[in-house]
Amino acid sequence: MIKGEECSITFFARTEHDLSEVSVFSDEKIADMNDDGLNGDAKANDGIYSVTITIKENNKNEIEFCAKSKEFTSEKIKIHFFDKPDNDTKNEIVSYQDKIDSIESNYLVDGYVEVNNIQKVLDEVESYAKELVQSGKALFYEKTESSVIIKLSNGLTIAYSPQLKGTYSIGNDTNMTVDAYQPYYEDVKNFTDKYIDLPKGINAESELINAAAKEVYGSFNNYSMGNILYDDQVSLSNVKDFDKNKIILWQGHGTYGGEKLHSLIYTGADFNWDAFNWDISYFLDCCQDRIVKCGNSELFSYKYVEKYCNNLDNSFIYLGPCESGMDETLANTFLKKGAAAVIANSKTILCLYGDLMEYTTTYYLTQVNESTGNYYTLSEALNAAKQKYGNNDSKYNGLGAEPIIFGGESANNYRLADYNDSNNHNPNFQAGKSLIYMNNKLICAKSNAIYYKESINSKEKKIAYSGNVSSLLSDGETVYYVEGVDNSECNSDNRFTPEKVYKATTSGSKSDYIFTSNGQADLITYQNDCIYYLDVTMKGSSDYLYSLMKYDLNTGATKKIAGEWTGEMPAYWKQNAFCMGDTIFVTVNHSLCSYDINNDKYNELISANDGYICDTIDDKVCFSYSTNGSRYISTITSNGNIETSKPFDAKNMICRLLIIVENSHCSLIQIHLIMKRCLIYTE
């Protein structure tokens, strides 16, 4: 408490006896306690007596209190009262820190304490802590296996934890948010000791936590991306912003504060001296060990979470720092706030191993477990990650640290979604003629087979033997493809004859026949166990007959959604159909129409005589068309919002573009891409 400031304190006394009277005493009786469920008592007759009193102390440094009845007296508790800080207080604290830094400097090798010197440096810092207590400059201290915690007489708690190289010791219809906090991102970027191979598509350890957040965001419709913060962007205010319905991935340093403070987590901010000197609430947080200083850094304890965190209902928290799960106190504080599950580390953990476990566990939560037919539970995901990288970090010469799930059976069974809930699963299917590139994965149809590459630089593997594939559809794991007509036999009579549609997987298992189209099948999307596609047949010698079709994988039924309409075969830079979210955009007789998959609703959006879908930008479809002699580009979102450019002269623009292209020696593919983008962005 702070001298001269009024403060309210609630005292609790638990007893198994039936007592007629319980009171709070100091030198004399202060107040009667009650167990009647009134005046602040939580529940009547539960054996827990309570009372709230207001105290203001101007002179004493500490006061002892106890609970008394006629028969019993409790153990005494001690409440300390601290003077408000001033510049001398800061200078005093800095001198203590300088002394600790001086002790550590004798053991540093390339900026880190070697493992065999940890206990030596901790013993020396402990000896200094004893001196501070004996001289009255500190109230008490506690030494753990990895730290020394010192409570100073001015109210601040300082922690010392040796700097170790390569460690971090220092509902289904619910909208969820994914947050990633990396207060020591720059440190991780400097770690180059890759004793474990990184997952394909990830080039540096510093990318792992962001990649984990994106895995969740990209897998489910009801998840959105929240905070992605680095270094000094990560502060105590972010902890106050923890809220319900969140996935919180925290990477960074941590230490253990012993039986009084338990696990401590570093923010990316420096200790705030101005707030310590002038902000009473910040100073009180320091006095009551919600905020702890270690070196120049600002740490928070379970007490900070207890006081400031919001309702965390349905949230999952992964605490990546060292010793974040040394005991259950910090994790249980999050759970008491309503969190569904917490993962934290048992000891000082090797950075790369810890980050890989955080990434891989999160990744498996987005995958379907073949043995259950549902998404991985948290325990299944963590076990799968441990099978891949080891139960703990001892195989990489670590101290045997491992991630632990807190929250009991319900936490072990926690899932991000249920697979049978089609509203949650975001299939994220992408269509292409002969090439699909998504999430750094490549699926390519060549003359005799379909090939898959886990990343651009990885070795390709054959996943299906099929010639003349004319259309692909994939989410990176499942691949639907259309086996077209042999080009050597292709002519105007047989090009648009019935085609077979197959299913394969990127794991390379055998292909399965699905159905046969009426004509050429252009795959558009896969949603709700249905394949949507354009069926194109010949009408006469030069016209083509289009139909928008749906094939139901459960019933085997084919349904015509829209059509039939006639039209020319579009040039290769024009697209007849494209899916955005749960909306299919399709060019019908040169006009733009949309089909709402979930509501089975078909609309005409833009009427035109020469329009076509020319590209997509972010979450918008781009439609090019002419009206009143001028050319326009409109962008349309999946919910039907339309924005239209000013008119422009496409011919003059392309002439200017070709001069640029000629001088820059672009390839034909680059020319095509540049022209498409210029048409869309030029007003």
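Above this text you will find the structure in question.
This one's a predicted model, so the numbers in the text were calculated from it and none came from an experiment.

**What about empty space enclosed by the protein?**
Phase 1 of the analysis: In this model, the largest cavity occupies a volume close to 40 Å³.
Phase 2 of the analysis: In terms of lining, the largest cavity is formed by Phe-140, Tyr-141, Glu-142, Ile-149, Ile-150, Lys-151, Gly-257, Lys-260 and Leu-261.
Phase 3 of the analysis: Those elements that place two or more of their residues in the lining of the largest cavity are strand 9 (138–143), strand 10 (148–152) and helix 6 (258–261).
Phase 4 of the analysis: For the lining of the largest cavity, a count of residues per class yields 5 nonpolar, 1 polar and 3 charged.

**Things to note about the packing of helix 1 (residues 87–105) against helix 2 (residues 118–134)**
Phase 1 of the analysis: The N-to-C vectors of helix 1 and helix 2 enclose an angle of 155°; their axes lie 9 Å apart at closest approach. In terms of orientation, helix 1 and helix 2 fall into the roughly antiparallel class. Helix 2 is crossed by helix 1, and the crossing has right-handed handedness. The residues of helix 2 that touch helix 1, namely those facing Ser-95, Tyr-96, Lys-99, Ile-100, Ile-103 and Glu-104, are Val-121, Glu-124, Val-125, Tyr-128 and Leu-132.
Phase 2 of the analysis: A class-by-class count of the residues in the contact of helix 1 with helix 2 yields 7 nonpolar, 1 polar and 3 charged.

**Overview of the pairing of strand 2 (residues 22–25)**
Phase 1 of the analysis: Residues Val-22 and Val-24 point to one face of strand 2 and Ser-23 and Phe-25 to the other, with burial holding for every one of them.
Phase 2 of the analysis: As judged from the 4 bridges shared by strand 2 and strand 3 (residues 29–33), these two strands associate in the antiparallel manner. Bridged to Val-24 within strand 3 is Ala-31.
Phase 3 of the analysis: Here strand 2 pairs with strand 5 (residues 62–68) via 3 bridges, running antiparallel. Paired with Phe-25 across the strands is Cys-66, a residue of strand 5.

**Concerning the side chain of Asn-210**
Phase 1 of the analysis: Within the fold, Asn-210 resides in helix 4 (residues 208–219).
Phase 2 of the analysis: Side-chain polar atoms of Asn-210 contact the side chain of Tyr-230, separated by 2.5 Å.
Phase 3 of the analysis: If we ignore the near neighbours within four places in the chain, the residues touching Asn-210 are Ala-180, Gln-182, Ile-228 and Tyr-230.

**Considering the layout of surface pockets**
Phase 1 of the analysis: Considering only enclosed or pocket space, the second largest pocket measures out at about 1,200 Å³ in volume.
Phase 2 of the analysis: Around the second largest pocket sit 45 residues that line it, and Ile-9, Thr-10, Ile-77, Lys-78 and Ile-79 are the ones nearest its centre.
Phase 3 of the analysis: Among the elements of the structure, strand 1 (7–14), strand 2, strand 5, strand 6 (77–80), strand 9, strand 10, helix 6 and helix 9 (302–308) are those that each provide at least two residues to the lining of the second largest pocket.
Phase 4 of the analysis: Of the residues forming the lining of the second largest pocket, the biggest block, 7 residues, is contributed by strand 1.
Phase 5 of the analysis: When the residues that make up the lining of the second largest pocket are grouped by side-chain class, the tally is 23 nonpolar, 10 polar and 12 charged.

**Some details on the packing of aromatic side chains**
Phase 1 of the analysis: Across all of its chains, the model carries 27 aromatic pairs by this definition.
Phase 2 of the analysis: Ring geometry for Phe-316 against Tyr-414: centres 5.8 Å apart, planes inclined by 35°, an arrangement best described as tilted. In this pair, Phe-316 sits in strand 19 (residues 316–319) while Tyr-414 sits in the loop between helix 13 (408–412) and strand 24 (430–432), placing the two residues 98 residues apart along the sequence.
Phase 3 of the analysis: The class of Phe-316 is buried, set by a relative accessible area of 0%.
Phase 4 of the analysis: For Tyr-414, a relative accessible area of 8% corresponds to the buried category.
Phase 5 of the analysis: Taking 5.5 Å as the distance between ring centres and 20° as the angle between the ring planes, the aromatic pair formed by Tyr-481 and Tyr-502 counts as stacked. Highlighted residues: Tyr-481 in strand 30 (residues 478–483) and Tyr-502 in strand 31 (residues 500–505), separated in sequence by 21 residues. By the burial criterion, Tyr-481 is buried, and Tyr-502 matches it.
Phase 6 of the analysis: Each residue in the set Tyr-181, Phe-242, Trp-250, Phe-300, Tyr-304, Tyr-308 and Phe-334 is aromatic and connected to the rest through ring pairs, giving one cluster.
Phase 7 of the analysis: Sitting over the ring of Phe-140, Lys-260 keeps its end group 4.8 Å from the ring centre.

Each value, and the rule that gives it
- Residues numbered from 1 in each chain as written.
- Predicted model: local features only at pLDDT ≥ 70, side-chain atom pairs only at ≥ 80, totals over all residues.
- Heavy atoms only, no water.
- 1 Å grid on protein atoms, 1.4 Å probe; cavity = no way out; pocket = protein on both sides within 12 Å on 5 of 7 lines; lining within 4 Å.
- Points joined across faces, edges and corners; volume = space filled by probe spheres on them.
- Helix = DSSP H or I, 4+ residues; strand = E, 2+ residues; numbered from the N terminus.
- Nonpolar A, V, L, I, M, F, W, Y, C, P; charged D, E, K, R; others polar.
- Axes fitted to C-alpha atoms, helices over the stretch in contact; angles between N-to-C directions.
- Parallel < 35°, antiparallel > 145°, perpendicular 65-115°, else oblique.
- Left-handed = near helix turned anticlockwise from the far one by under 90°.
- Contact = heavy atoms within 4.5 Å.
- Buried < 20%, exposed > 50% of the residue type's maximum accessible area, 1.4 Å probe, protein only.
- Pairing = 2+ DSSP bridges.
- Polar contact = N/O pair within 3.5 Å; in protein donor to acceptor, adjacent residues only side chain to side chain.
- Phe/Tyr/Trp six-rings, centres within 6.5 Å; stacked < 30°, edge-to-face > 60°.
- Lys NZ or Arg CZ within 6 Å of the ring centre and 35° of its normal.

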